[in-house]
Every structure is written in C-alpha cells, then in structure tokens.
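Chains, contacts and geometry: an overview
Listed below, chain by chain, are the residues.
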Amino acid sequence: MGSGAGVIAYGFLIYTCLMALFCVFIGSRTSWRMGWLISLPVIFAPWGLVLMGFAMY
C-alpha cells in the first residue's frame, strides 16, 4: 500500500467514525429503524466506491 492509499484509508476511517456518530444521533431522535436505514448507505457507499475503484484499477 502506497502512501496515497494510506491517506485515503485514513480519511475514510475518520469519515466512517463521524458518520457513525451522526447516525446514532439520528437514531436517538427518531426510531432505531430510521437510524439503521440512514446509516447503512451513508457509511458503506463510499467504501463500496473505493473498493470498486481498486477493482477496476
């Protein structure tokens, strides 16, 4: 893994932690179903795009 991939992975790790906290906040204001409904695409869609980019490379 080169240094650029490390920077991207670190950025996505920070993003994942912040979005997890955001989804916990949403879940506490609404129902737990709404928290899960928002959290899955918000957290895992960018990771899927990165993995697809690595697969296409």
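Let me begin by describing the structure that accompanies this report.

Reading guide: rules and limits
Residues numbered from 1 in each chain as written. Predicted model: local features only at pLDDT ≥ 70, side-chain atom pairs only at ≥ 80, totals over all residues. Heavy atoms only, no water. Helix = DSSP H or I, 4+ residues; strand = E, 2+ residues; numbered from the N terminus. Expected span 1.5 Å × (residues − 1). Bend = angle between axes of the 7 residues up to and from the residue. Buried < 20%, exposed > 50% of the residue type's maximum accessible area, 1.4 Å probe, protein only. Contact = heavy atoms within 4.5 Å.

It is worth spelling out helix H2 (residues 32-56) at this point. Compared with the 36 Å implied by 1.5 Å per residue over 25 residues, the 36 Å span of H2 between its first and last C-alpha is a close match. Approximately 30 degrees is the largest bend angle found in H2, and it occurs at Phe 44, with the proline Pro 46 only one to four residues beyond. For H2, the full list of buried residues reads Gly 35, Ser 39, Ile 43, Pro 46 and Val 50. Residues of H2 that are buried make contact with helix H1 (3-29).

Locating Phe 12 in the fold gives a position in helix H1. Note: C-alpha distance between Phe 12 and Leu 40 (28 residues apart in sequence) is 15 Å. When neighbours within four sequence positions are excluded, Phe 12 is seen to be in contact with Pro 46, Trp 47 and Val 50.

What follows concerns the environment of Ile 43. With respect to the helices, strands and loops of the structure, Ile 43 is situated in helix H2. Along the chain, Ile 43 and Leu 18 lie 25 residues apart, while their C-alpha atoms are 9.3 Å from each other. Those residues in contact with Ile 43 that sit more than four places away from it in its chain are Tyr 15, Thr 16, Met 19 and Ala 20.

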